[in-house]
Amino acid sequence: YRLDIWEPNIKKHLKFLDSKYDKPIIYTGDFNVAPREKDIWFGTNLEFKLKDETDPDKIKKLKRKINSKKKLHTGESKTILCGYTKEERSSFSKLLDECKFIDCYRHLYPDIYNKFSWFNIRIKNSFINNLGWRIDMFLIQNKFKNIILNCDILSLIGIYNRNNKMISDHLP
């Protein structure tokens with residue numbers, strides 16, 4: 001549905017809005033796709049953890065983890081990881097290119113690799129251990145990129161309230 005119906009329709013609508021109005025269009029939400037390796041905990045984040053690690057046992061463990069995830073990044077994996085398939089990432093990239101939109105966060109912070117907006121509740125302590133994905137985004141037309149003043153992931157808020165009850169698996 002997403003690749004065959006939703007994205008072609010939203011692209012058409014975004015192009016229509018852009019052609020009709022000469023004002024910023026902000027397309028935002030939970031896109032359910034981590035566009036790049038730096039947008040997912042087992043991507044660039046693991047590579048940097050490996051560089052910083054000094055314990056030989058932890059180095060070995062990190063290398064195994066990195067190697068086990070390589071095929072997910074290239075799209076060669078037989079495992080389907082919804083939100084990180086090659087097709088989904090490619091489709092999202094085409095949406096940005098064809099509609100001439102940019103990801104506000106990536107525009108401001110192209111090198112950040114360890115800030116995420118979603119944490120899988122099925123992975124114990126995913127938030128505490130920063131095992132997240134950056135799937136919540138603000139997009140705007142490239143021609144208006146100069147008006148972006150800030151775009152941040154408010155990780156200090158957390159996903160739990162004062163009583164340690166989960167309030168969301170997403171960060172604002």
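Quick notes on the rules
- Residues numbered from 1 in each chain as written.
- Predicted model: local features only at pLDDT ≥ 70, side-chain atom pairs only at ≥ 80, totals over all residues.
- Heavy atoms only, no water.
- Pairing = 2+ DSSP bridges.
- Helix = DSSP H or I, 4+ residues; strand = E, 2+ residues; numbered from the N terminus.
- Phe/Tyr/Trp six-rings, centres within 6.5 Å; stacked < 30°, edge-to-face > 60°.
- Buried < 20%, exposed > 50% of the residue type's maximum accessible area, 1.4 Å probe, protein only.
- Lys NZ or Arg CZ within 6 Å of the ring centre and 35° of its normal.
- Core = buried A, V, L, I, M, F, W, Y, C linked by side-chain atoms within 4.5 Å.
- Lys, Arg positive; Asp, Glu negative; His and termini not counted.
- Salt bridge = Lys/Arg side-chain N within 4 Å of Asp/Glu carboxyl O.
- Polar contact = N/O pair within 3.5 Å; in protein donor to acceptor, adjacent residues only side chain to side chain.
- Expected span 1.5 Å × (residues − 1).
- Arc of directions from axis to C-beta.
- Contact = heavy atoms within 4.5 Å.

(A) Main features of the pairing of strand β5 (residues 136-141). Sheet analysis places strand β1 (residues 26-30) next to β5, joined by 5 bridges and oriented antiparallel. The partner of Thr 28 across the bridge, within β5, is Phe 138. Note: strand β2 (residues 101-103) against β5, 3 bridges, orientation antiparallel. Within β5, the position partnered with Phe 101 by the bridge is Gln 141.

(B) Representation of the packing of aromatic side chains within the structure. Using the criterion set out here, one finds 9 aromatic pairs in the structure. Residues Phe 31 and Phe 92 carry aromatic rings whose centres are separated by 5.7 Å and whose planes lie at 70° to one another, so their mutual orientation is edge-to-face. Here Phe 31 is found in the loop between β1 and α2 (44-52), whereas its partner Phe 92 is found in helix α4 (residues 86-99), with 61 residues between them in sequence. You'll find Phe 31 and Phe 92 in the same group, each marked buried. Each ring, one from Phe 119 and one from Phe 127, has its centre 5.0 Å from the other, and the planes form 85°; the classification is edge-to-face. Taking the relative accessible area as the measure of exposure, Phe 127 reaches 22% and is therefore partly exposed. By way of ring pairs, the aromatic residues Trp 41, Phe 42, Tyr 84, Trp 118 and Trp 133 are connected into one cluster. The positively charged end of Lys 69 is found above the aromatic ring belonging to Phe 42, 5.1 Å away from the centroid.

(C) Seen up close, the nonpolar core. Membership of the largest hydrophobic core comes to 25 residues, with the highest contact counts inside it found for Trp 41, Phe 42, Tyr 84 and Trp 133. Listed by contribution, the elements that provide at least two residues to this core are α3 (56-74), α5 (104-108) and β3 (118-119). Here this core takes 3 residues from α3, the largest share from any one element. If you look at the next biggest cluster of nonpolar residues, it comprises 14 residues, including Ile 10, Ile 25, Phe 92 and Cys 99.

(D) A look at the side chain of Arg 89. The residue Arg 89 is located in helix α4 in this model. An unpaired buried charge is present at Arg 89: no salt bridge exists, and Glu 37, the closest side chain of opposite charge, is 6.0 Å distant. Polar contacts involving the side chain of Arg 89 include one to the main-chain carbonyl oxygen of Tyr 84, which spans 3.3 Å.

(E) Region of interest: helix α1 (residues 2-20). For α1, built from 19 residues, the straight-helix expectation of 27 Å at 1.5 Å per residue is met to within 8% by its first-to-last C-alpha distance of 25 Å. Inspection of α1 places Glu 7, Ile 10, Lys 11, Leu 14 and Leu 17 among the buried residues, and these make up the whole buried set. Taken around the axis of α1, the buried residues stretch over an arc of 130°, which confines them to a single face. Seen from the buried face of α1, the exposed residues on the opposite side, beyond 90 degrees, are Asp 4, Lys 12 and Ser 19. Packed against the buried residues of α1 are β1, α4 and β2.

Everything listed is a geometric property; what it means functionally is a separate question.
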